[in-house]
Amino acid sequence: MALFKKKETKNAAFTVLPKHIGIIMDGNGRWAKKRGLPRTAGHRAGADVFEKICKECGRLGIEEVTFYAFSTENWKRPKEEVDTLMRLFRDFLLEAKERIAETGNIRIKFAGEKEGISEELLDLMAEAEKTTAHRTGTIVNLAINYGGRQEIVSAVNKLIASGKTEITEQDISENVYTMPECDLIIRPSGEERLSNFLLWQAAYSEFWYSDVLWPDFDETDLHLALHEFEKRNRRFGG
């Protein structure tokens, strides 16, 4: 059951926008299964939606958006599915110069561990970051080989290696992969959990869930989430 009914929001206007949105791109496999297609077809359809939502976040002026693309747990999936996901990342990055030009002033960054990712893909990721480093618009973080717990452990280990003997919340906030505060987390597909995503950054996040599968998610769904965010009374524990 959807938490919010779908309505027309093509000309949506907002008085308040979140600075940082986290999006869990969920439901690709179920979308494909419903159509009698292999799970890989769902991931390809989901990749097109990712690009569309990137552009809309840029158009709206969202400062930062983090997409959960591939978790540290996703390595446990069938090899064929993992290989397809890696090819999709590779294809996106190979076409990045053309696609990034189309998305306007978007800056691409990556969040996650490098271990397990091919050298070719790491080189392409570094090139995409370098190519867009001068951009001043929306920052798009792609969380690849990412886990929220691992992110916190990595930040702590970095601080210990630097000689820190006492670690504060501010220290960790300054050493996680993305900006600390995430204002809004969006999860389509009917699931209502974080799944090890932005654990540190989500301390005071607002959450928006929908039963729309990610390949069917569109700008209207994004607008619905943003309108709901406007209604929330954010007290940050006060």
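Everything below is about the structure shown above.
In this report, the structure presented in the accompanying data block is examined. Everything quoted here is computed from the prediction, not taken from an experiment.

Regarding the nonpolar core
If you look at the biggest cluster of nonpolar residues, it comprises 45 residues, and the most contacted ones within it are Ile-23, Phe-50, Ile-53, Phe-67, Ile-186, Trp-214 and Phe-217. Contacts of Phe-67, omitting those with residues within four sequence positions, involve Ile-23, Met-25, Phe-50, Ile-53, Cys-54, Val-140, Asn-141, Leu-142, Ala-143 and Trp-214. Core analysis: the second largest hydrophobic core is formed by 10 residues, Tyr-68, Cys-182, Ile-185 and Leu-198 among them.

Structural notes on the pattern of salt bridges
Per the stated rule, a full pass over the model turns up 16 salt bridges. In this structure, the salt-bridge partner of Arg-30 is Asp-26, at a minimum N-O distance of 3.3 Å. The class for Asp-26 is buried, based on a relative accessible area of 16%. With its nearest N and O atoms 3.8 Å apart, the salt bridge here joins Lys-231 to Glu-228. Of the two residues, Lys-231 and Glu-228 are both situated in helix H8 (residues 219-231); the distance of three residues between them amounts to about one turn of the helix. On the accessibility criterion, Lys-231 (60% relative accessible area) is exposed.

Thresholds, definitions, all that
Residues numbered from 1 in each chain as written. Predicted model: local features only at pLDDT ≥ 70, side-chain atom pairs only at ≥ 80, totals over all residues. Heavy atoms only, no water. Core = buried A, V, L, I, M, F, W, Y, C linked by side-chain atoms within 4.5 Å. Buried < 20%, exposed > 50% of the residue type's maximum accessible area, 1.4 Å probe, protein only. Contact = heavy atoms within 4.5 Å. Salt bridge = Lys/Arg side-chain N within 4 Å of Asp/Glu carboxyl O. Helix = DSSP H or I, 4+ residues; strand = E, 2+ residues; numbered from the N terminus.

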